[in-house]
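# Inside the fold
The chain contents come next:
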Amino acid sequence: MAHSNDTHTAAVPLVRNFDFTGRMKVTLLVGIVIGVLSMLLTFIGDDHSHSRFWSNLLHNSTFFTGIGLMAGFFMCASITAWAGWYTNFKRVWESMSLFLGVGLIFMLVIALAVWMGWNDLYHWNDANSVATDPILKGKAGFLNRGWYLFGTIIFGGLWYFVLSKIRSLSLGEEADGGYGEFRWHDRIRVYAVAYLPLAGFGSAAMIWLWIMSVDAHWYSTLFAWYTGASWFVSMISATILLIIFFKGRGYYSNVSHEHVHDLGKLLFAFSIFWTYLWFSQFMLIWYANVGEETGYFKHRMDNYPILFYGNLVVNFVLPFFVLMRNSTKRKFGIVGFISVIVFIGHWLDFFLMIKPGVLHTTHELNGHGGHGAEHGGHGHEAVGHAAEHGHEAVAHAGEHVSHFTSGFTLPGFLEIGTFIGFLSLFIFFILWSMSRATMQSENDPYYYESVQHHT
Amino acid sequence: MGAKKLVFGLYNDEEVLLEAVKSANAEHIDIYDVYSPFPIHGLDPLLGLAESRLHIAGFIYGMLGTLTAFLGMSWIFTKDWPIIFGGKPYWAVPSFIPITFEVTVLFASIGMVVTFYIINGLGPGVENTYLHDRITDDKFCLAFDSDKMTNADAEQFFRKTGASEVHEKDIK
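Residues numbered from 1 in each chain as written. Chains lettered and ligands numbered in written order. Predicted model: local features only at pLDDT ≥ 70, side-chain atom pairs only at ≥ 80, totals over all residues.

Of regular secondary structure, chain A possesses 16 helices and zero strands. Counting across all 455 residues of chain A, residues that qualify as buried make up 47%. At a minimum sequence separation of 6, the contacts of chain A that also span at least 24 residues come to 78%. (Helix = DSSP H or I, 4+ residues; strand = E, 2+ residues; numbered from the N terminus. Buried ≥ 20, exposed ≤ 12 C-beta atoms within 10 Å, placed from the backbone. Contact = placed C-beta atoms within 7 Å.)

In structure tokens, the structure reads:
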């Protein structure tokens, strides 16, 4: 590669491929084993419909699949917008976006289980309820097994197809193209442009099916945006942490605090965007005060106060005040710390989206009566039902606190174990994918723009 | 502030200007100021400019706006003139938030603009001297104080660093 402009070439030689060492593999495999064990333990100690197991699987699968989806989305948006600043670390987003394929396997397992009726995740999946419930009947055209399974296959397949095309073209560009040529880039752009509407509209449909329909009676037009923003913020924080990790290992010497500064700005901005959507959804429902809509929030505010209010502190107040200043976005320590907080915070946000609805559905389908907005202090038998199995010591505390259900009201050890498992798999896949290609994309026409990037 | 005599060079490109600033620093020449039609990346550290404190002022104005709006509405709707809107409690915090946000932005933005104008001596009707018309268009200007440098030295420096024009001007 003959680069005419050599004044900005980094002094440290750029390592070409990521060396995925045995030690990293072992560490991550231990994490994956912890996850598998946690899921097995959850499955064994669960009630007869295995709601805790399935809701954990759904929670983590949607969370990590969505991070892949959003990495692809932002990469494609950047390509479409002729942005260049991210080019020298674009392999991170390529790898992360390909994790979509792994996440979709988990989603397919869930979709298959829904198809076969193996779980009680979704109220609309119960034929008796749909037959007698006019609201579920009215939604049956969309909320049904066919849409769930084939929507996941078709949309997920299209997303993965486009993203893997972009990846292979990007590798082709690196192997074959010369610097400054747009031959390959123009082809990548076609796929990037195609991905935007596919992911934009498709993700909304899949969010409604995968996540929002756990509260089958409830709906919110803002929900898809809100969930998407949550994915986006998690994706940005994961990117920041991976870049800090790679830099700590001596890679990416030409990715500087300038790039991290821009990622920090995105983390800051999209944390506010998430809060804006959270608040818009909340305030409209609070103000209109329609019973069908308020149930969602009433249930969460009454029974999940720590998560409900903590969610705003962790995902808004902390990133807002810490990342407000210019200098904090440029210091790896501070921006990395906030990234960890926000990543876990959005995992908890997903917990709060999924778990209350699943618990409610499980109780309803198993004949324990209403548990939602109109509950009146009964439901102790429902709590006892889960506590009988004695997941953990905390389950016994649930007998004294009304409505406390281990693994549902707050994440227990098994939820944390499952999270560690999924996170390890996620990192394992990314590092493996990074080791399969050059870390730099020197033939990308925007490569030098990104090396010289200055905020 | 007394009258000053400045000698300045005009450059066609901001990259050339940056190099000129670097060589001025290397030769320990005291730079009076740099004028440019747009902000130049990497110039501030070269000139040794401290980080602007305008954003700190902006934060304080914003917090003032937050307090004004939130405490104001709280007082008005609970003490001064309680009215029930839409069956909500008097102290309806969620419905105060959009207005609080707007007043925060209003206070921060107007406060920062006014502060910026006062600090820089700008404002409606204020006559400002500027060195050259094209500084507001496509030229990048590096100015030295004539008291601290002979014109011949300045001219030699500007020629060496690739300035396209060299001028002198008195400013107030």
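After that view, the rundown keeps rolling.
Moving on, we get to the overall build of chain B. Summing up its helical and strand segments, chain B has five helices and four strands in all. Mapped from its N terminus to its C terminus, chain B presents α and β elements in the order β-α-β-α-α-α-β-α-β. In terms of overall dimensions, chain B is more spread out than a globule: its C-alpha atoms have a radius of gyration of 25 Å, far above the 16 Å expected for 172 residues. Projected onto its principal axes, the C-alpha coordinates of chain B cover approximately 80 × 30 × 25 Å. Taking all 172 residues of chain B together, the buried fraction comes to 16%. Looking at chain B alone, contacts between residues at least 24 apart form 79% of all its contacts between residues at least 6 apart. (Rg over C-alpha atoms; globule rule 2.2 N^0.38 Å.)

All names here are of chain B. Strand order in this open sheet of four strands is 2-3-1-4, and the pairing throughout is antiparallel. Each end of this open sheet is capped by a strand with a single partner; those strands are strand 2 (31-35) and strand 4 (165-171). Averaged over all pairs of adjacent strands, the angle between strand axes in this sheet comes to 25°, irrespective of strand direction. Summarising the sheet, strand 2 and strand 3 (residues 140-145) pair through four bridges and their orientation is antiparallel. Its bridge partner being in strand 3, Ile-31 is matched across the sheet by Phe-144. Helix 1 (residues 14-26) rests against strand 1 (4-11), strand 2 and strand 3 of the sheet, and its axis sits at about 20° to strand 3. Contacting strand 1, strand 3 and strand 4, helix 5 (residues 151-161) runs over the sheet at an angle of about 15° to strand 1. (Pairing = 2+ DSSP bridges. Axes fitted to C-alpha atoms, helices over the stretch in contact; angles between N-to-C directions.)

Here we take up the domain arrangement of chain B. How big an interface is tends to be stated in terms of accessible area lost as the parts join. What the domain assignment lists for chain B is domain 1 (4-51 + 131-171) and domain 2 (54-119). Here the C-alpha centroids of domain 1 of chain B and domain 2 of chain B sit 44 Å apart. (Domains from an automatic or database assignment.)

Next up on the list: the interface of chain A and chain B. Counting residues at the interface gives seven residues for chain A and seven residues for chain B. Partitioning the side of chain A that touches chain B into residue classes produces five nonpolar, two polar and no charged. (Nonpolar A, V, L, I, M, F, W, Y, C, P; charged D, E, K, R; others polar.)

Residues and elements named next belong to chain A. Between helix 11 (residues 305-322) and helix 12 (residues 332-365), the shortest axis-to-axis distance is 9 Å and the interhelical angle comes to 155°. Comparing their axes, helix 12 and helix 11 come out roughly antiparallel. The two elements helix 11 and helix 12 meet at a crossing, and its hand is left-handed. Counted together, Leu-307, Phe-308, Asn-311, Val-314, Asn-315, Leu-318, Pro-319 and Val-322 of helix 11 and Ile-334, Ile-338, Ile-341, Val-342, Gly-345, His-346, Leu-348, Asp-349, Phe-351 and Leu-352 of helix 12 form the full contact between these two elements. When grouped by side-chain class, the residues that make up the contact of helix 11 with helix 12 number 13 nonpolar, four polar and one charged. (Parallel < 35°, antiparallel > 145°, perpendicular 65-115°, else oblique. Left-handed = near helix turned anticlockwise from the far one by under 90°.)

On a regular strand, one side chain projects to one face of the sheet and the next to the other, so that they alternate. All names here are of chain B. Note: strand 1 against strand 4, seven bridges, orientation antiparallel. Across the sheet, Gly-9 pairs through a bridge with Val-166, a residue of strand 4. Direction of pairing for strand 1 relative to strand 3: antiparallel, over a ladder of six bridges. Note that in strand 3 the partner of Tyr-11 across the bridge is Phe-140.

So, on to the environment of Lys-22 of chain B. All names here are of chain B. Following the sequence through the fold, Lys-22 ends up in helix 1. Take Lys-22: there are 13 C-beta atoms within 10 Å of it, and that puts it in the partly exposed class. A C-alpha to C-alpha distance of 10.0 Å links Lys-22 and Thr-161, two positions 139 residues apart in sequence.

Within the element layout of this structure, Ile-166 of chain A appears in helix 6 (residues 145-176). When sequence neighbours within four positions are dropped, the list of residues in contact with Ile-166 of chain A reads Ile-188, Tyr-191 and Ala-192 of chain A.

Looking now at helix 4 (residues 93-119) of chain B. Residue and element names in this part refer to chain B. Relative to the 39 Å expected for 27 residues at 1.5 Å per residue, helix 4 spans 37 Å between its end C-alpha atoms, a close match to the ideal helical length. Three or more residues of helix 4 are buried, namely Val-103, Thr-104, Phe-107 and Ala-108. Here the buried face of helix 4 lies against helix 3 (54-80). Of the residues flanking the end of helix 4, it is Gly-121, one or two places downstream, whose phi is positive at about 65°. (Expected span 1.5 Å × (residues − 1).)

Right, let's get into the packing of helix 2 (residues 51-80) of chain A against helix 7 (residues 183-210) of chain A. The axes of two packed helices give the description: the angle between them and the distance between them. All names here are of chain A. At a minimum axis distance of 8 Å, the contact between helix 2 and helix 7 shows a crossing angle of 150°. Crossing hand, helix 2 versus helix 7: left-handed. Along its contact with helix 2, which presents Thr-62, Leu-69, Gly-72, Phe-73, Cys-76, Ala-77, Ile-79 and Thr-80, the element helix 7 presents Ile-188, Arg-189, Ala-192, Val-193, Tyr-195, Leu-196, Ala-199, Ser-203 and Trp-210. Of the residues in the contact of helix 2 with helix 7, the class split is 12 nonpolar, four polar and one charged.

To continue, consider the environment of Thr-405 of chain A. By secondary structure assignment, the location of Thr-405 of chain A is in the loop between helix 14 (394-397) and helix 15 (413-435). Distance from Thr-405 of chain A to Trp-82 of chain A, taken between C-alpha atoms, is 50 Å for residues 323 residues apart in sequence.

Let's shift gears to the confidence of the model for chain B. The predicted model of chain B averages 90 in pLDDT, with 99% of residues at 70 or higher. Confidence, read as mean pLDDT per element, is least for strand 4 of chain B in chain B (87) and greatest for helix 3 of chain B (96). (pLDDT = per-residue confidence, 0-100.)

What follows covers unusual backbone geometry. All names here are of chain A. At His-50, a position not held by glycine, the phi torsion is positive, near 55°. One can find His-50 in the loop between helix 1 (22-44) and helix 2. What makes His-50 buried here is the crowd of 21 C-beta atoms within 10 Å. Its identity as a non-glycine residue notwithstanding, Trp-82 has a phi of 60°, on the positive side. Position of Trp-82 among the secondary structure elements: in the loop between helix 2 and helix 3 (90-116). Of the residues examined, Trp-82 has 11 C-beta atoms within 10 Å and is grouped as exposed.

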